[in-house]
Amino acid sequence: MANRPQIRTSDSALIAMIADEDTVVGFLLAGVGNVDLRRKTNYLIVDAKTTVKQIEDAFKEFSSREDIAIVLISQYVANMIRFLVDSYNKPIPAILEIPSKDHPYDPAHDSVLSRVKHLFSAESVASGRR
């Protein structure tokens, strides 16, 4: 228990979004959006003009901000920066891949699901169950 990372608690924590316009707008209408005093937002709308570098920078920024608890990223966008998503290993903020309107969800590419499968397969081998 002493080795567990401390989860920072505050009055509120944000959800960040990296997704297509329709997905981001839906979450903004639900009240997820935030603009701080420096005019920084907690979302990135990905379209045909968005570069991979912009997506990488947004992912790095959102995953390092202390006021963000969850980063929701469309799975097709996560596939563009798969090396960053797969190498991310901190518990907070949690990275969750979500489907989008134009791109169906593929569980084979979900980093969280693959980690869970790996964890359970390692536990079953260690305990002697198959």
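Residues numbered from 1 in each chain as written. Predicted model: local features only at pLDDT ≥ 70, side-chain atom pairs only at ≥ 80, totals over all residues. Heavy atoms only, no water.

Peer 1: For helix H1 (residues 21-29), give the residues involved together with the corresponding values.
Peer 2: Of the residues flanking the start of H1, the one acting as N-cap is aspartate 20, its side-chain oxygen 3.3 Å from the backbone nitrogen of aspartate 22. Phi for glycine 31, located one or two positions after H1, is positive at around 100°. (Polar contact = N/O pair within 3.5 Å; in protein donor to acceptor, adjacent residues only side chain to side chain. Helix = DSSP H or I, 4+ residues; strand = E, 2+ residues; numbered from the N terminus.)

Peer 1: Which residues make up the pairing of strand S3 (residues 68-74), and what values do they have?
Peer 2: Across the seven residues that make up S3, a large majority, five, are buried. Pairing geometry for S3 and strand S4 (residues 94-98), over five bridges, is parallel. Following the sheet pairing, serine 74 is matched in S4 by isoleucine 98. (Buried < 20%, exposed > 50% of the residue type's maximum accessible area, 1.4 Å probe, protein only. Pairing = 2+ DSSP bridges.)

Peer 1: Explain the environment of glutamate 61 to me, using residue names and the numbers behind them.
Peer 2: Inspection of the secondary structure puts glutamate 61 in helix H2 (residues 52-64). In this structure the C-alpha to C-alpha distance between glutamate 61 and asparagine 42, which are 19 residues apart in sequence, comes to 9.5 Å.

Peer 1: So what about the pattern of salt bridges? Which residues, and what values?
Peer 2: Applying the stated rule across the entire model yields eight salt bridges. Aspartate 36 is the salt-bridge partner of arginine 38, the closest N and O atoms lying 3.3 Å from each other. With a closest N to O distance of 3.7 Å, arginine 65 and glutamate 61 form a salt bridge. Taking relative accessible area as the criterion, glutamate 61 reaches 26% and is therefore assigned partly exposed. Through salt bridges with shared partners, a single ionic network connects Lys40, Glu61, Arg65 and Asp67. (Salt bridge = Lys/Arg side-chain N within 4 Å of Asp/Glu carboxyl O.)

Peer 1: Can you break down the pairing of strand S1 (residues 14-19) residue by residue, with the values?
Peer 2: For S1, a buried count of five out of six residues is recorded, marking the element as mostly surrounded by other parts of the structure. In terms of strand pairing, S1 meets S3 through five bridges, oriented parallel. Across the sheet, alanine 16 pairs through a bridge with valine 71, a residue of S3. Both S1 and strand S2 (residues 43-45) contribute to a ladder of three bridges, which runs parallel. In the strand pairing of S2, alanine 19 is matched with isoleucine 45. For the handedness criterion, the β-α-β arrangement of S1, H1 and S2 is classed as right-handed. (Right-handed = clockwise from strand over helix to strand, strands pointing away.)

Remember that the coordinates give geometry; whether it matters functionally is a separate question.
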